[in-house]
Amino acid sequence: MAVSSLYPFNPSILSRVAAQPHLFAYSVLSRSKFGETVADDGRRKSRLSRFLALSMHSNAKVLKSNLKSRYGQTLSPYDSSEEEDDEDEDEDEDEDDDVAEDDWLLLDDEFAEPAEFEVEGKRLKSQKKINKRQGGHRQLDISRKSIVGNFYLAKNKTKEVDSLHMDNKGRLMSKAPNEKKYQKVSEEIDLDEKWLPLFDYLTTFGLKESDFIQMYERHMPFLQINVSSAGERLEYLLSVGVKNRDIRRILLRQPQILEYTVENNLKSHVAFLRGLGIPNSKIGLIIAVAPSLFSYSVENSLKPTVRYLVEEVGINEKSISKVVQLSPQILVQRIDISWNTRYIFLSKELGASRDSVVKMVTKHPQLLHYSIDDGFVPRINFLRSIGMRNLDILKVLTSLPQVLSLSLEDNLKPKYMYLINELRNEVHSLTKYPMYLSLSLDQRIRPRHKFLVALKKAPKGPFPLSSFVPTDECFCQQWAGTSLDKYLSFRQQLLLKEFAKKYERQG
């Protein structure tokens, strides 16, 4: 082997070259033709808005219907209504994780761009890989890359040696870190290295290895999406108001969204929501709450649902925007079944008229999701047990349908006991001020009552429930005749005392 050098002869260097020729090759390639180290220009092109559309994926409506999972099960691009209900229950359990994982940033060291060097007068960006042994030595192969944000896709793929490869900074590294990086995934599924750039990209939104496994089990074909296509679609969602922290939640519930093209699917569904009169500031929230709406046809499913709400249920067309904002899931559920079963129950149980039930749905469309047996019946029975007649219950529910969602043990029962024992009111006062049941006992009802008592301004007889309705500032002016700061200080001290009492009881 002949070696020429611009530097003085050094026997120790030559001995190392003979023992490790591949390191010598790496050293040469890391320098320019004058022996000067080429520095990383550090220029970042990380914005996903510059993604190249290297492939276009059709939306779920035209996906092949004969796709099968690795277990032989037929895959469907659509979610069932039952799955959505299950997912809604699961989301409550995962809510703490979502908050804790709001902000994820790219690590510069991990996704740095390749170094530049000159070969035959041409300036190239390198991503160095090592081929299989040829003639007893490891040979370096240099392939050009297309940079996509902070990630890259090889134009000329080369096979890597089982043990070694060059990282994107030109360092000789083992392949083991990639395998360890997604070790949990590789234990559950057959990990393909082609998926790694997509995994790396999705981790910037806070997704973890367990999330990838869950997405795989829910919709395996998402793994075939390349980074540029995924970036284009998620960037569009961010551009219409979806929060970065909500991307993880959306992908866990609807990984198919990575397959829906911007032009043929995402834009048409966003235009549909805007056509209902939903402001741009609310679009992102609706997508985060009900991402499965993208799997439903605008013409064949979403628009017919809106027509049913207007023509069959009787909701005013001007109120549709408000109804959808309060409960986006209403667009993707079997609204005919939900409406009919609850309307029939309320009409038979309480003698509710159609207009009364329509008012309930308009104010609180979530009641169409509540269970009749576990939601409606226990709360109606409780109101009956405290002396309310059906007519009184109907007045309360028409004015405040949220009562059907309040906890019996933690909300309704404690407020009723305070109403009778401390405020010395009768139960019929709730028909005049049903809002009392929706107010916080610790944050509003008890502090205001105790504050007026301390100031000796509490009226004799039943305590007026109307004093709980206005804002804190208005309450201080109209009822207490004192400053807002004085009331807030009193409330803070009261809350601390109540907390100390609860802590003592638990200890």
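Because the structure is a prediction, the values reported are computed rather than measured.

### Some words on the overall build of the protein chain
Now for step 1: Looking only at helices and strands, one finds 23 helices and 8 strands in the protein chain.
Now for step 2: Across the 507 residues of the protein chain, 42% fall into the buried class.
Now for step 3: Accessible area of the protein chain: about 28100 Å², with a carbon and sulfur share of 50%.

### Some points on the side chain of Arg491
Now for step 1: Counting through the fold element by element, Arg491 comes out in helix H23 (residues 484–506).
Now for step 2: Excluding residues that lie within four positions of it along the chain, Arg491 makes contacts with Gln443, Pro447 and Asp472.

### What to know about the pattern of salt bridges
Pairing is possible between side chains that carry opposite charge, provided their charged atoms lie close to one another.
Now for step 1: According to the stated counting rule, one finds 11 salt bridges in the structure shown.
Now for step 2: As a salt-bridge pair, Asp472 and Arg448 come within 2.8 Å of each other at their nearest N and O atoms. Residue Asp472 is located in helix H22 (residues 472–480), and its partner Arg448 is located in helix H21 (residues 441–454); the two are separated by 24 residues in the primary sequence. The two residues Asp472 and Arg448 agree in class, both being buried.
Now for step 3: A salt bridge links Asp472 to Arg491; the shortest N-O distance between them is 3.4 Å. With Asp472 in helix H22 and Arg491 in helix H23, this pair connects stretches of sequence that are 19 residues apart.

### A word on helix H16 (residues 354–363)
Now for step 1: Ser356, Val357, Val358, Met360, Val361 and Thr362 are the residues of H16 that are buried.
Now for step 2: Tucked into the core, H16 has its buried residues touching helix H13 (298–313), helix H14 (320–326), helix H15 (335–350) and helix H18 (390–399).

### Comments concerning the packing of aromatic side chains
Now for step 1: Tallied over the full model, the rule gives 12 aromatic pairs.
Now for step 2: Residues Phe345 and Phe376 carry aromatic rings whose centres are separated by 5.9 Å and whose planes lie at 75 degrees to one another, so their mutual orientation is edge-to-face. Placement of the pair is Phe345 in helix H15 and Phe376 in helix H17 (residues 372–385), with a sequence separation of 31 residues.
Now for step 3: Over the ring of Tyr343 we find Arg354, and its NZ or CZ is 5.4 Å from the ring centre.

### Points about the packing of H16 against H18
Now for step 1: Two elements in contact, H16 and H18, have axes whose closest approach is 8 Å; the angle formed by their N-to-C orientations is 35 degrees. Here Ser356, Lys359, Met360 and Lys363 of H16 lie close against H18, whose contacting residues are Leu394, Leu397, Thr398 and Ser399.
Now for step 2: Tallied by class, the residues present in the contact of H16 with H18 amount to 3 nonpolar, 3 polar and 2 charged.

### Some remarks on the confidence of the model for the protein chain
Regions with low pLDDT should not have their predicted coordinates read in detail.
Now for step 1: Per-residue pLDDT for the protein chain averages 75, and the proportion of residues at 70 or more is 64%.
Now for step 2: This stretch, residues 1–71, has a pLDDT under 50; its non-local contacts, to residues over four places away or in other chains, come to 103 contacts.
Now for step 3: Across residues 73–177, where pLDDT falls below 50, the model places 215 contacts with residues more than four positions away in sequence or in other chains.

### Structural notes on the environment of Asn390
Now for step 1: Tracing the backbone through its elements, the reader meets Asn390 in helix H18.
Now for step 2: Placed 40 residues apart in sequence, Asn390 and Leu350 show a C-alpha to C-alpha distance of 5.4 Å.
Now for step 3: Among the polar contacts made by the side chain of Asn390, one reaches the side chain of Arg384 at a distance of 3.1 Å.

### Remarks on the state of the cysteines
Now for step 1: Enumeration over the complete set of coordinates arrives at 0 disulfides.
Now for step 2: With no disulfide of its own, Cys474 lies closest to Cys476 among cysteine sulfurs, the gap being 9.4 Å.
Now for step 3: With a relative accessible area of 1%, Cys476 lands in the buried category.

### A look at the environment of His428
Now for step 1: Its place among the elements puts His428 in the loop between helix H19 (408–421) and helix H20 (429–432).
Now for step 2: In this structure His428 comes out as exposed when scored by relative accessible area, which is 55%.
Now for step 3: Separated by 36 residues in sequence, His428 and Asp392 place their C-alpha atoms 7.9 Å apart.

### Concerning the packing of H15 against H17
If you want to describe how two helices pack, look at the angle between their axes and the distance between the axes.
Now for step 1: Look at H15 against H17: their axes get within 12 Å of each other, and the N-to-C directions meet at 20 degrees. Classified by the interaxial angle, the pair formed by H15 and H17 is roughly parallel. Note that H15 runs across H17; the crossing there is right-handed. Along the contact surface, H15 presents Thr341, Arg342, Phe345, Leu346, Glu349 and Leu350, while H17 presents Ile372, Phe376, Val377, Ile380 and Arg384.
Now for step 2: Here the contact of H15 with H17 is built from residues that sort into 7 nonpolar, 1 polar and 3 charged.

### Remarks on the side chain of Asp472
Now for step 1: One polar contact links Asp472 to Arg491, side chain to side chain, over a distance of 3.4 Å.
Now for step 2: Discounting residues that sit within four places of it in the chain, Asp472 has contacts with Arg448, Leu484, Tyr487, Leu488 and Arg491.

### Points about helix H9 (residues 227–239)
Because an α-helix completes one turn every 3.6 residues, residues spaced three or four positions apart along the sequence face the same direction.
Now for step 1: Given a rise of 1.5 Å per residue, 13 residues ought to cover 18 Å, and the 18 Å separating the end C-alpha atoms of H9 matches this to within 8%.
Now for step 2: Taken residue by residue, H9 has Val227, Ser228, Ser229, Ala230, Gly231, Arg233, Leu234, Tyr236 and Leu237 as its buried positions.
Now for step 3: Two residues or fewer after H9 comes Gly241, characterised by a positive phi angle close to 115 degrees.

### Concerning unusual backbone geometry
Now for step 1: In the Ramachandran plot, Arg424 falls in the positive-phi region, its phi being about 55 degrees despite a non-glycine side chain.
Now for step 2: By the element assignment, Arg424 lies in the loop between H19 and H20.
Now for step 3: Assessed through its relative accessible area of 60%, Arg424 is described here as exposed.
Now for step 4: With phi around 60 degrees, Lys456 is a residue other than glycine that occupies positive phi space.

Rules of the game
- Residues numbered from 1 in each chain as written.
- Predicted model: local features only at pLDDT ≥ 70, side-chain atom pairs only at ≥ 80, totals over all residues.
- Heavy atoms only, no water.
- Helix = DSSP H or I, 4+ residues; strand = E, 2+ residues; numbered from the N terminus.
- Buried < 20%, exposed > 50% of the residue type's maximum accessible area, 1.4 Å probe, protein only.
- Areas by Shrake-Rupley, 256 points an atom, 1.4 Å probe, with all protein chains shown as cover.
- Contact = heavy atoms within 4.5 Å.
- Salt bridge = Lys/Arg side-chain N within 4 Å of Asp/Glu carboxyl O.
- Phe/Tyr/Trp six-rings, centres within 6.5 Å; stacked < 30°, edge-to-face > 60°.
- Lys NZ or Arg CZ within 6 Å of the ring centre and 35° of its normal.
- Axes fitted to C-alpha atoms, helices over the stretch in contact; angles between N-to-C directions.
- Nonpolar A, V, L, I, M, F, W, Y, C, P; charged D, E, K, R; others polar.
- pLDDT = per-residue confidence, 0-100.
- Polar contact = N/O pair within 3.5 Å; in protein donor to acceptor, adjacent residues only side chain to side chain.
- Disulfide = S-S within 2.5 Å.
- Parallel < 35°, antiparallel > 145°, perpendicular 65-115°, else oblique.
- Left-handed = near helix turned anticlockwise from the far one by under 90°.
- Expected span 1.5 Å × (residues − 1).

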